[in-house]
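Analysis of the macromolecular model
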Amino acid sequence: MISEFGIILLFIILGVVFVGIALAAAAIVRPSHPNPVKNSTYECGEIPIGEPWVRFNVRFYVIALVFLLFDVEVVFLLPWAVVFKQLGWFAFIEMIVFVIILFAGFAYVWGKGDLNWEKPKPHIPKLEDLVVGKKN
Amino acid sequence: MGLLNRLDNPYEGGGIVLGTVEDLLNWGRSKSNWYLHFGLACCAIEFMAMNASHFDFMRFGTIPRTSPRQADFIMVTGTVTLKMAERIKILYEQMAEPKYVISVGSCSNCGGPYWEHGYHVLKGVDKIIPVDVYIPGCPPRPEAFEEGMIQLQKKISQQAIFNKRKKLAAEDKNQ
């Protein structure tokens, strides 16, 4: 008897075999003439400079979070703006409250100093620090 | 000899058509040609007319591609400047085999109006990549594009795939 998970295993095996057959058939049929230029990254004919895998600074994450906040805000604002005339003053005031709440969060982040670009402060020892017996 | 041409000479008794694997592969290659469009100058404007419904380039089995990895032939339409020549060379190298080249218009055929004093123009794209079909004109009419495409399909359907060197050597002896 095949249990429920046995069927999933069958699907996995079938998937691997199917993809394997397709790749093997392509490998038999296709011409293969690799060269260094062909194997290089396609950059619209330019010669690539550096690695395509670029690392972003971890300090961008706060900005990304705040961006997400206002991104979602726009998602709510758009349908409201479309039916703005039908909804009238009540919806207008409600939306203003919503935006104020969001901006309160923004002001909190700003006030907390999370938007400041923290630069590393390397500790460079000075001659005075090296003097034995001296206290800062 | 294409596969469809063999329909005219069926096996004796009729009803059976014998062909080679080469015919079949060439048939597929010639009737489904995706191209890397390389519009460089005014020939590309004419090429827009070619792609639109009046002349309908796609009926030849061609689909415009923006990546050389998916393209079967490159269509160089326009003036090849020396700066662009390096890029064309790289793009041609990055295309997967089998690959073909159509050179469109006087500029990419031989330099065109810049043949003498164009200090910045490559005098013919065939100086850097092997061209299969030249389409003359400045710029060529869309009918000329169609003729060029038909010529390329003819060339592909007659090409040798197996024992290429042996066949080519025999041809060289005859000449």
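Residues numbered from 1 in each chain as written. Chains lettered and ligands numbered in written order. Predicted model: local features only at pLDDT ≥ 70, side-chain atom pairs only at ≥ 80, totals over all residues. Heavy atoms only, no water.

**A word on the confidence of the model for chain A**
Summarising the model, chain A shows a mean pLDDT of 85, and 96% of its residues fall at 70 or more. Confidence scores differ between elements of chain A, with helix 6 (residues 127-130) of chain A showing the lowest mean pLDDT of 72 and helix 1 (residues 4-29) of chain A the highest of 92. (pLDDT = per-residue confidence, 0-100. Helix = DSSP H or I, 4+ residues; strand = E, 2+ residues; numbered from the N terminus.)

**Considerations on the layout of surface pockets**
Remark: the empty space left among the atoms is shown by a probe the size of a water molecule rolled over them. Space inside the largest pocket adds up to approximately 710 Å³. The wall of the largest pocket is formed by 23 residues, among which Pro 31 of chain A together with Arg 29, Pro 98, Gln 159 and Lys 164 of chain B lie closest to the centre. Of all the elements in the fold, those that place two or more residues in the lining of the largest pocket are helix 1 of chain A together with helix 1 (21-31) of chain B. Tallied by class, the residues present in the lining of the largest pocket amount to 14 nonpolar, two polar and seven charged. In this structure, the second largest pocket encloses a volume near 320 Å³. In terms of lining, the second largest pocket is formed by 14 residues, of which the most central are Gln 159, Ala 160, Lys 164, Lys 167 and Leu 168 of chain B. Listed by contribution, the elements that provide at least two residues to the lining of the second largest pocket are helix 1 and helix 6 (164-174) of chain B. (1 Å grid on protein atoms, 1.4 Å probe; cavity = no way out; pocket = protein on both sides within 12 Å on 5 of 7 lines; lining within 4 Å. Points joined across faces, edges and corners; volume = space filled by probe spheres on them. Nonpolar A, V, L, I, M, F, W, Y, C, P; charged D, E, K, R; others polar.)

**Topic: the interface of chain A and chain B**
Interface size, as often reported, equals the accessible area lost upon joining of the parts. Tallying the contact residues gives 12 residues for chain A and 15 residues for chain B. Carbon and sulfur atoms make up 52% of the area that chain A and chain B hide from each other, which totals about 1,100 Å². When the buried surface of chain A facing chain B is broken down by residue, Lys 38, Tyr 42 and Gly 45 of chain A rank first, second and third, together holding 50% of it. Seen at the junction of chain A and chain B, the total is two salt bridges. Two residues, Arg 87 of chain B and Glu 46 of chain A, come together in a salt bridge whose shortest N-O distance is 2.9 Å. At the surface where chain A touches chain B, the tally comes to eight residue pairs in polar contact (both at pLDDT 80 or more). (Contact = heavy atoms within 4.5 Å. Buried area = accessible area lost by both parts, 1.4 Å probe. Salt bridge = Lys/Arg side-chain N within 4 Å of Asp/Glu carboxyl O. Polar contact = N/O pair within 3.5 Å; in protein donor to acceptor, adjacent residues only side chain to side chain.)

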